[in-house]
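This is what each chain is made of:
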Amino acid sequence: RGLGIALRNYGTQPGRAMEATHRAFALRDRLTAVERDRVEAGYYAAVTREPRRAIPAYERAIARAPESVAPQINIGEVYRELGELDAAMDWYERALRLDSTQAIALMNVAQVSATRGEIDRSLEAADRLDRYGHQPFGDWHRAAAAVAVRDYEAAESRLAPVLEDVAGSGF
């Protein structure tokens, strides 16, 4: 499961990512209940593209391990994919109550907030990304917030140094 996620997140070797996800799903009966739920949810979300089937699997994983941040972020991503932004935001905020420094949850809050036109909330999440050392993501999300209000000059000036810093770094 982890290999499939890593390969999918980095956009490399999509065939290998799919193969790893299929293998995890085929072997899920060998896993703990929580891990089996997470494998099933990921399979339905990423492979079969059945987000509605992923939701109950994530809910089971969360019920079994309510202190685990990742499945709460993941279910939020499923709701975001479905266009249910209020539900997505609820899950991201639940994840942040468990770990207020979690970069992915903060980035998702920034994105969804900008999409909904909640620019102050998006900028606050970007500031938190900076505060917790998650650079360059704070600047990226401040630029996205500027784009959301059609301030392209501010977006460009925010991104210029970031692009210079990450040139050749693999970002």
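Keep in mind that this is a model prediction, so the values were computed, not measured.

About the criteria used
- Residues numbered from 1 in each chain as written.
- Predicted model: local features only at pLDDT ≥ 70, side-chain atom pairs only at ≥ 80, totals over all residues.
- Heavy atoms only, no water.
- Helix = DSSP H or I, 4+ residues; strand = E, 2+ residues; numbered from the N terminus.
- Contact = heavy atoms within 4.5 Å.
- Core = buried A, V, L, I, M, F, W, Y, C linked by side-chain atoms within 4.5 Å.
- Buried < 20%, exposed > 50% of the residue type's maximum accessible area, 1.4 Å probe, protein only.
- Polar contact = N/O pair within 3.5 Å; in protein donor to acceptor, adjacent residues only side chain to side chain.
- Phe/Tyr/Trp six-rings, centres within 6.5 Å; stacked < 30°, edge-to-face > 60°.
- Axes fitted to C-alpha atoms, helices over the stretch in contact; angles between N-to-C directions.
- Parallel < 35°, antiparallel > 145°, perpendicular 65-115°, else oblique.
- Left-handed = near helix turned anticlockwise from the far one by under 90°.

Here's the deal with the environment of L82
- Along the chain, L82 turns up in the loop between α5 (69-81) and α6 (85-98).
- Once the C-alpha coordinates of L82 and H134 are considered, the two residues, 52 residues apart in sequence, prove to be 27 Å apart.
- Not counting residues up to four positions away in its chain, the partners in contact with L82 are P51, R52 and I55.

Re the nonpolar core
- Ranked by size, the top nonpolar core spans 34 residues in total, and within it A54 and I75 carry the most contacts.
- Mapped onto this core, the elements with two or more residues apiece are α2 (14-26), α3 (33-46), α4 (51-64), α5, α6, α7 (103-115) and α8 (119-131).
- Sequence-distant contacts of I75, defined by excluding residues within four places in its chain, comprise I55, Y58, E59, I62 and W91.

Examining the side chain of T21
- With respect to the helices and strands, T21 occurs in helix α2.
- Judged by its relative accessible area of 6%, T21 falls in the buried class.
- A polar contact of 2.9 Å, which involves the side chain of T21, links it to the backbone oxygen of A17.

So, the environment of A57
- With respect to the element layout, A57 can be found in helix α4.
- Since its relative accessible area comes to 1%, A57 is described here as buried.
- Here the alpha-carbon distance between A57 and V39, two residues 18 residues apart in the chain, equals 8.6 Å.
- When neighbours within four sequence positions are excluded, A57 is seen to be in contact with D37, E40 and A41.

A look at the packing of aromatic side chains
- Scanning the model with the defined rule gives four aromatic pairs in all.
- The interplanar angle of 85° and the centroid separation of 5.1 Å between the aromatic rings of F137 and W140 together place this pair among those described as edge-to-face. Of this pair, F137 and W140 are both found in helix α9 (residues 137-148), three residues apart, which corresponds to roughly one turn of the helix.
- A relative accessible area of 27% means that W140 is categorised as partly exposed.
- Cluster of aromatic residues (ring-pair linked, three or more members): F25, Y43 and Y44.

Quick notes on the packing of α5 against α7
- As a packed pair, α5 and α7 sit with axes 10 Å apart at the nearest point and diverge in direction by 20°. Comparing the axis directions of α5 and α7 gives the class roughly parallel. The interaxial crossing formed by α5 with α7 has left-handed handedness. Of the residues in α7, those in contact with I73, E77 and R80 of α5 are I104, A105, N108, Q111 and V112.

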